[in-house]
Amino acid sequence: MEETATQNGQKTIRYVAAALILRGDEVLICQRRPDQPMALKWEFPGGKIEAGESAEQALARELDEELAIDAEIGVRVARTRHTYRSGGAVDLQFFAVHTFRKEIVNRIFQDVRWVALRDLVTYDFLAADRDLIRDLAAGKLL
């Protein structure tokens, strides 16, 4: 599902699906480990959409891999494309998740926590998530 480099030299676009796992007025956020790119930044769980997968299939797989949950992927809440200073770009789709089975297990993150939507702006999120964070905190999307 990744685009190849174009004639004008742009880098590939990574397609990513991420979950807004909701519990009342709270959402689950995850912190990257110190040894990862963009260390200790906060993000929503999810990951790369592999060839042949829908965004929803990829997200269900990633949530099982990262948090050991069997999630029911809900409606797409937002989609954004962000180009980093390095030139790489990411196409992000965010889906609401209201229901999941099994207990959350932190398999890959530095930290995982439930945060009130209005408090999201106090966390240091990845640049690609910042517009979404502002909208969520302002009550515009959910």
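These numbers were taken from a predicted model, which means no experiment stands behind them.

Caption draft 1: A look at unusual backbone geometry. You will see that methionine 38, though not glycine, has its phi angle at about 55°, which is positive. Of the residues examined, methionine 38 reaches a relative accessible area of 36% and is grouped as partly exposed. With phi around 65°, leucine 40 is a residue other than glycine that occupies positive phi space.

Caption draft 2: Summary view of the side chain of glutamate 43. In this fold, glutamate 43 is placed in strand S3 (residues 42-43). Ignoring any residue separated from it by four or fewer positions in sequence, one finds glutamate 43 in contact with Ile29, Cys30, Arg32, Phe109, Phe125, Leu126 and Asp129.

Caption draft 3: Looking closely at the packing of aromatic side chains. In the structure shown here, the tally under the stated rule is three aromatic pairs. Measuring from centroid to centroid gives 5.2 Å for tryptophan 42 and tyrosine 123, while their planes differ by 75°, and the two rings are edge-to-face. A residue pair is termed long-range when its members are at least 10 positions apart, and tryptophan 42 in strand S3 and tyrosine 123 in the loop between strand S9 (111-116) and helix H2 (130-137) qualify at 81 residues. The exposure class assigned to tryptophan 42 is buried, which follows from its relative accessible area of 6%. Seen from their ring centres, phenylalanine 44 and phenylalanine 94 are 6.1 Å apart, and the 85° between their planes marks the pair as edge-to-face. Of this pair, phenylalanine 44 sits in the loop between S3 and strand S4 (46-48) while phenylalanine 94 sits in strand S7 (residues 89-97), and the two are 50 residues apart along the sequence. The exposure class assigned to phenylalanine 44 is buried, which follows from its relative accessible area of 5%. Accessibility expressed as a relative area gives 1% for phenylalanine 94, which makes it buried.

Caption draft 4: Just the nonpolar core, in detail. In this structure, Leu20, Val27, Ile29, Phe44, Phe94 and Leu120 are the most contacted members of the largest nonpolar core, which totals 24 residues. Elements that contribute at least two residues to this core include exactly strand S1 (13-23), strand S2 (26-31), strand S6 (76-83), S7 and H2. With near-sequence residues (within four places) excluded, isoleucine 29 lies in contact with Trp42, Glu43, Phe44, Asp111, Val112, Arg113, Val115, Leu120, Tyr123 and Phe125. In this structure, Ile13, Ala19, Ala71 and Val97 belong to the second largest nonpolar core, which totals 20 residues.

Caption draft 5: Just the pattern of salt bridges, in detail. Tallying each qualifying case throughout the model produces 16 salt bridges. A salt bridge links aspartate 35 to arginine 33, with the shortest nitrogen-to-oxygen separation between them at 3.0 Å. Owing to a relative accessible area of 57%, aspartate 35 belongs among the exposed residues under this scheme. As a salt-bridge pair, lysine 41 and aspartate 124 come within 3.0 Å of each other at their nearest N and O atoms. A residue pair is termed long-range when its members are at least 10 positions apart, and lysine 41 in the loop between S2 and S3 and aspartate 124 in the loop between S9 and H2 qualify at 83 residues. Each member of the salt-bridge network shares a partner with another, and the members are Glu53, Arg61, Glu62 and Glu65.

The rules behind each value
Residues numbered from 1 in each chain as written. Predicted model: local features only at pLDDT ≥ 70, side-chain atom pairs only at ≥ 80, totals over all residues. Heavy atoms only, no water. Buried < 20%, exposed > 50% of the residue type's maximum accessible area, 1.4 Å probe, protein only. Helix = DSSP H or I, 4+ residues; strand = E, 2+ residues; numbered from the N terminus. Contact = heavy atoms within 4.5 Å. Phe/Tyr/Trp six-rings, centres within 6.5 Å; stacked < 30°, edge-to-face > 60°. Core = buried A, V, L, I, M, F, W, Y, C linked by side-chain atoms within 4.5 Å. Salt bridge = Lys/Arg side-chain N within 4 Å of Asp/Glu carboxyl O.

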